[in-house]
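Listed below, chain by chain, are the residues.
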Amino acid sequence: MSAGRPRTRNFFCKLALGLTALYSLTQAQDVYDLIYNDVGSLPCVRLLNATGVIGCQSISAATGVLFRTDSQDDIQQFVTNRNLGNKYTVIMPHWLLTSPNIQLLKSTDKLGAIIAVINGTDPVYAVTARPANAPSPDSTCPNCEFGLYSGAATQYQWNPTGTGLLYEQFDFPIYALNTMDARNTMSYNAVMQAASINKFKGYTSYPLKALQFNAFMWGAEDTEACLRRKWCTPLGGASVWATPSTNISFTDNKPIVVVSAAMDSRSLFHDLTLGVESSLTGMVTVLAVAEALSRSTIPLDSMPKHILYTLFTGEAWGFSGSQRFVQDITTRAKCIKPAASGPGCAFPFFPDFAFQNINLDRIEAVLEAGQVGSIRSATEGSPSLFAHVDSIQSGVSAALVKQVVQMGSGASNDTAAAPNGAVPVQAADSDGVQRGLPPSSSMSFLKARANIPTVVLTSYQKQMSPLTSQDADDSWDPVTTVSSIEQAASVISKTAWLQAQGVADAALMTATQQQAIGSISVDRQLIQDLLYCLARNYSCPLVDRYLNVTANPNAPTRLPHYTGTLYSVSQPYPIFAWNFMANMTRHRVFNSTAPPVVGCSSKPGLVNCASNEYCVGDRCVLSLTRYHDSYGTGLAMNEDGGYYIKDASKPVWTESTWNDIGLRLFDVTSPGAQKAELATGIVLTLVGAGVVWYARKYVAKTLKVD
Amino acid sequence: MAKPIEKMGPEEILTISKKLFYGGFGLLPFLWVYNVLYIWPVRNRSDLSPQVRHYVLMSGIMSTLLFVVFSVWFGIFVNQRLSWGATGDALTVVLVKGV
């Protein structure tokens, strides 16, 4: 190169340097990509309560060669196979993830991690391949320690086959695979393909495909220690309550009829929690009731009694939502530090105080929809609905339960009763056994005031659905389930209507009432739409009408019904519930010809709602629908926004903070090859050191440098 | 380079030994250990004042005593830290996550 062009050379030097730097950067990524394949993950995480921890923890990154087991026999073979000398990631269908199997796998010292497949394209993981008798992973009486009968010597066990898996703790990672959307299907395909390669190689001819898991949970000991160190967040979210009586006040002396359900449920993998039978059927029932009652030709806010809808979040965690709601309406806390703006309070934190208009002493009836989907194994016969009442004060609810049964029986000849062919409704104690109330939100009301007439409607009489708290509680029967919910909604809406009208006996209705109650009918299509939207695809027309979800470039599909953590990770289902209820309970001016104000969402700035109105589904509505914070009543917030345990006997569930969670696929060489690699490295180091030592000595001697 | 202890006079050794012993009470217990180790090679020199021997012995006793006390405390702390609740956390410099 000519010396007369230094500038050019300089430029080329810089360019070369820059390119080298860029190259090594991209190459570092290339090398990473060459070794690892990051896979989307659905983890089991650690939760804490007053006495300890549950869920999964792995202190160091666990790795394991993928090993596929499709049956109990496969697991046995894995355990007894002496040719397997590594740590393994055992892939299994979710129903094989049982305590005995986990113990068995742990005893081999070969277990690195477990992957449970909930749904997959392989026939082994198909919904039809699921065993009908897979037991619930919840306890034998879910949340009963926080329920109405927690003080009793013996409690009726509503979930006798419950394995309690959800309450165990595991010191290795457990992840799920589920082909529920495009991203998770990619993960599923990547992992299953890698497992097939391993199987093809007989799990012995290396290199084999392995997975590395990161699942380090910070939280330890119990909620008390964890909150002190600020390593966990209370489980919670937003409950929703609504009433057509926009003018309800604490002192109006008007009785209240409560229609209630839980919105959330739990399962081992929170991203997968749907709880179709566990809670969604009840939630859909209450939404359908609100829609049915909104058709009443007698305005609901003009009735002798108020109707109050409550949809609770956090119910799967010791009835956190309902207990906090009842606690807040009864204690009527004074505001110590007002909010900077708006009607709320900064401490104790309340966004507004509308809930203080609800008077617990005025509640005259509680109607709750529990598991009403009749999603069960074929052996249990045709679907039926059962009305449960409290066993301690059963007399209080006698009239109410009679009315519920009457509304569902179709036996009486008035127009209010259900048509023949509908799902039959009967008192749960019609077999002469008083079991009391099953685990339900109603218990929270009764704990505060025991003599409220209360009926909990479920599709079981003696035993909760085995689907309770299962990750596989994700499907329903398009006919039976919808009919069952339809009947539950019909019975509850008519009973609530009669109660609100103050009619004790349907046979004694006036002609106007007879006609008006006929206007209440449950929309079967709405039930189907709600089930589809809330369990399959949130970007459906119904939700879109309220929330314009499809405008989002990443339109949501299946969304979990796990409550999430308070004020940090909240779920969208309460937002939909709020909008739907606000619309259904909106203040209506009867015989008014004024058109509704439309466009508040589609034409922002041009159409503005009045200050007391909300923009719901592009329309300005006046509505008394509110969110209510839900978190364990054993917890309390202090002035600096931290939490502490106020009463350890009440629910205090928290979720641990964690480092990045993730999985990645990579090739692993045989343990022998790994040892050889290490030995080669050591030998090379020693040889290198020797050569350097000798070379120095030689150079010093030759050049005579001292 | 500092003068090796073998070349020091008895007065100098006495001063150092005394300073090290009293210095140890200033929350510097390692000075006691150091005192013993430093004087050890010259402990049998005949020209040394008997006071040196006294300081070294006392330093040895103090360091041994403290070693026992610290070891016992460490054992108790490690095993009981979690059961002391908020106090335990306050006494811990770096809280260990996950356990």
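Predicted model only: the values in this text are computed from it and were never measured. (Residues numbered from 1 in each chain as written. Chains lettered and ligands numbered in written order. Predicted model: local features only at pLDDT ≥ 70, side-chain atom pairs only at ≥ 80, totals over all residues. Heavy atoms only, no water.)

With that out of the way, let us pick up the overall build of chain B. The helix and strand tally for chain B stands at four helices and zero strands. Seen in sequence order, chain B has helices and strands lined up from the N terminus as α-α-α-α. Since a compact globule built from 99 residues should have a radius of gyration of about 13 Å, the 19 Å found for chain B marks it as more spread out than a globular shape. Here chain B holds 99 residues, and the buried ones make up 28% of them. Taking the intrachain contacts of chain B between residues at least 6 apart in sequence as the baseline, contacts between residues at least 24 apart amount to 52%. (Helix = DSSP H or I, 4+ residues; strand = E, 2+ residues; numbered from the N terminus. Rg over C-alpha atoms; globule rule 2.2 N^0.38 Å. Buried < 20%, exposed > 50% of the residue type's maximum accessible area, 1.4 Å probe, protein only. Contact = heavy atoms within 4.5 Å.)

Moving on to the confidence of the model for chain A. When pLDDT drops low, the exact placement of atoms in the prediction is not to be read closely. All names here are of chain A. On average, residues of chain A score 91 in pLDDT, and 93% of them are at 70 or above. In the model, residues 1–6 has pLDDT below 50 throughout and makes one contact with residues more than four positions away in sequence or in other chains. Here residues 411–418 is a poorly scored stretch, pLDDT under 50, and it has 17 contacts once near neighbours within four places are set aside; other chains count. (pLDDT = per-residue confidence, 0-100.)

As a further point, take helix α7 (residues 320–331) of chain A. Residues and elements named next belong to chain A. For α7, built from 12 residues, the straight-helix expectation of 16 Å at 1.5 Å per residue is met to within 8% by its first-to-last C-alpha distance of 16 Å. By the criterion of burial, α7 is predominantly enclosed, with 10 of the 12 residues buried. All buried positions along α7 are accounted for by S320, G321, S322, Q323, R324, F325, V326, Q327, D328 and I329. Looking at the packing, one finds that the buried side of α7 touches β12 (236–243), β14 (306–312), α9 (442–448), β23 (624–631) and β24 (635–637). Count one or two residues on from α7 and you reach R332, which has phi positive near 45°. (Expected span 1.5 Å × (residues − 1).)

Moving on, we come to the interface of chain B and chain A. Chain B puts nine residues into the contact, and the matching count from chain A is 12 residues. Roughly 870 Å² of surface becomes buried between chain B and chain A when both sides are summed, with 60% attributable to carbon and sulfur atoms. Run the count over chain B and chain A and you get two salt bridges. A salt bridge links R228(A) to D89(B); the shortest N-O distance between them is 2.9 Å. Across the chain B-chain A interface, the total number found is five residue pairs in polar contact (both at pLDDT 80 or more). When grouped by side-chain class, the residues that make up the side of chain B that touches chain A number five nonpolar, two polar and two charged. (Buried area = accessible area lost by both parts, 1.4 Å probe. Salt bridge = Lys/Arg side-chain N within 4 Å of Asp/Glu carboxyl O. Polar contact = N/O pair within 3.5 Å; in protein donor to acceptor, adjacent residues only side chain to side chain. Nonpolar A, V, L, I, M, F, W, Y, C, P; charged D, E, K, R; others polar.)

All names here are of chain A. What the rule picks out here adds up to five cavities of 30 Å³ or more. There is about 330 Å³ of room inside the largest cavity. A262, S278, S279, P439 and M464 are, among the 26 residues lining the largest cavity, the residues nearest its centre. Contributions of two or more residues to the lining of the largest cavity are made by β13 (256–262), α6 (276–293) and β17 (363–369). (1 Å grid on protein atoms, 1.4 Å probe; cavity = no way out; pocket = protein on both sides within 12 Å on 5 of 7 lines; lining within 4 Å. Points joined across faces, edges and corners; volume = space filled by probe spheres on them.)

A word on a nonpolar patch on the surface. All names here are of chain B. A grouping of F67, V68, V72, W73, I76, W84 and L91 is seen on the molecular surface, where their side chains present a nonpolar patch of about 670 Å² in accessible area. Looking at the nonpolar patch, the element that brings in the most residues is helix α3 (residues 50–80), giving five residues. Relative to the assigned elements, I76 resides in helix α3. (Patch = residues over 30% accessible without salt bridge, like charges linked within 9 Å, V, L, I, M, F, W, Y side chains within 5 Å. Areas by Shrake-Rupley, 256 points an atom, 1.4 Å probe, with all protein chains shown as cover.)

This next bit is on the UniProt feature "domain: Nicastrin small lobe" (unreviewed entry) in chain A. UniProt annotation of "domain: Nicastrin small lobe" (unreviewed entry) refers to residues 43–219 of chain A when read in the numbering used here. Across residues 43–219 of chain A, the secondary structure splits into 21% helix and 25% strand, with the terminal C-alpha atoms separated by 16 Å. (UniProt positions renumbered as here; feature names shortened; annotations may be inferred.)

Along the polypeptide, V699(A) turns up in helix α15 (residues 671–703). Placed 293 residues apart in sequence, V699(A) and Q406(A) show a C-alpha to C-alpha distance of 107 Å.

A word on the side chain of D328(A). Residue and element names in this part refer to chain A. Inspection of the secondary structure assignment puts D328 in helix α7. Among buried charged residues, D328 stands out as having no salt bridge; its nearest opposite-charge side chain is R324, 4.6 Å away. In contact with D328, other than residues within four places in its own chain, are F350, F355 and H628. (Lys, Arg positive; Asp, Glu negative; His and termini not counted.)

Okay, the nonpolar core next. Residues and elements named next belong to chain A. Judged by nonpolar contacts, the single largest core of 84 residues is most densely connected at Y309, L311, W497 and F576. Considering each element in turn, this core owes the most residues, 11 residues, to α6. Filtering out sequence-adjacent residues up to four positions away, F576 remains in contact with L287, L530, L534, Y538, L542, V543, Y546 and L547. Grouped together as the second largest cluster of nonpolar side chains are 36 residues, F67, L105, F170 and F172 included. (Core = buried A, V, L, I, M, F, W, Y, C linked by side-chain atoms within 4.5 Å.)

Turning our attention to the state of the cysteines. All names here are of chain A. Within this structure, the stated rule accounts for seven disulfides over all chains. What pairs with C226 in a disulfide is C232, and their sulfur atoms sit 2.5 Å apart. Comparing C226 with C232 shows no difference in burial state: the two are buried. C335 shares a disulfide with C345; S-S distance 2.0 Å. Sign of the S-S torsion, about 95° for the bond between C335 and C345, identifies this disulfide as right-handed. One end of the pair, C335, is in the loop between α7 and β15 (337–338); the other, C345, is in strand β16 (residues 345–347), with 10 residues separating them in the sequence. You can call C335 partly exposed: its relative accessible area is 33%. (Disulfide = S-S within 2.5 Å.)

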